[in-house]
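# Analysis of the macromolecular model
One letter stands for each residue in the lines below.
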Amino acid sequence: MYYAVWNDRTGERLGVQIDVARSFWARLFGLAGRRYLPMGTGLFLPGCSSVHTHFMRVPLDLIYLDASGRVLAVRRRVMPWRAPGRVPGTVDLLELPSGCAGMARVGDRLHRAPLSK
C-alpha cells in the first residue's frame, strides 16, 4: 500500500506514492541501487532514527520526524555513500528524491494517508 504525504503548514504534497518499509530488510536496503527515483515517490521508515546512503545512485532529501509527525530536521541533497547521522527525538524518517522536501522546515507537521487501489 502506498501513501500520500503532505505538509500541513503549506498544503504542499511531498509525495503521492510513498512506500512503507515495514521489515528489517526493507529498512536495510531502502531505496538503494535504484538508478532513478521519480518525483512523488519515496520511502517512509517507521521506527528508524538514522539512515545511510550506501549503495545509492541518486541524492536524497531526508526528513526526520518525531512521534506526532513534526519535522525535527531536513537534510537536502544527501549524496550517495553518506551517513548523515542522528537527530535527537527522531522516531520516523522519510526518504524522498532530491528536491522533493519542498518547503518543509523544522516544526512543520507532515500528514500521510493511504491511497486507495
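See above for the structure.
The notes below deal with the structure included here. It should be emphasised that the depicted structure is a prediction, and the values quoted were computed from it without experimental measurement. (Residues numbered from 1 in each chain as written. Predicted model: local features only at pLDDT ≥ 70, side-chain atom pairs only at ≥ 80, totals over all residues. Heavy atoms only, no water.)

### Re the state of the cysteines
- If you walk through the whole model with that rule in mind, you get zero disulfides.
- Among the cysteines around Cys48, which has no disulfide bond, Cys100 carries the closest sulfur, lying 20 Å off.
- Note on Cys100: relative accessible area 9%, which makes it buried. (Disulfide = S-S within 2.5 Å. Buried < 20%, exposed > 50% of the residue type's maximum accessible area, 1.4 Å probe, protein only.)

### A look at the pairing of strand S6 (residues 92–97)
- With six of six residues buried, S6 lies mostly within the body of the structure.
- Of the strand pairs in this sheet, strand S3 (residues 41–46) and S6 are connected by four bridges, and their pairing is antiparallel. Looking across to S6, one finds that Phe44 is bridged to Leu94.
- Both strand S4 (residues 60–65) and S6 contribute to a ladder of six bridges, which runs antiparallel. (Helix = DSSP H or I, 4+ residues; strand = E, 2+ residues; numbered from the N terminus. Pairing = 2+ DSSP bridges.)

### Overview of the side chain of Asn7
- For Asn7, the location among the structural elements is in strand S1 (residues 3–7).
- A polar atom in the side chain of Asn7 sits 2.9 Å from the backbone nitrogen of Arg9.
- Aside from chain neighbours lying at most four places away, what touches Asn7 is Glu12, Met103, Ala104, Asp108, Arg109 and Leu110. (Polar contact = N/O pair within 3.5 Å; in protein donor to acceptor, adjacent residues only side chain to side chain. Contact = heavy atoms within 4.5 Å.)

### Some remarks on a nonpolar patch on the surface
- Together, Phe24, Trp25, Leu28 and Phe29 give the surface a local cluster of nonpolar side chains, amounting to about 470 Å² of exposed area.
- Here Phe24 is to be found in helix H1 (residues 24–29). (Patch = residues over 30% accessible without salt bridge, like charges linked within 9 Å, V, L, I, M, F, W, Y side chains within 5 Å. Areas by Shrake-Rupley, 256 points an atom, 1.4 Å probe, with all protein chains shown as cover. Salt bridge = Lys/Arg side-chain N within 4 Å of Asp/Glu carboxyl O.)

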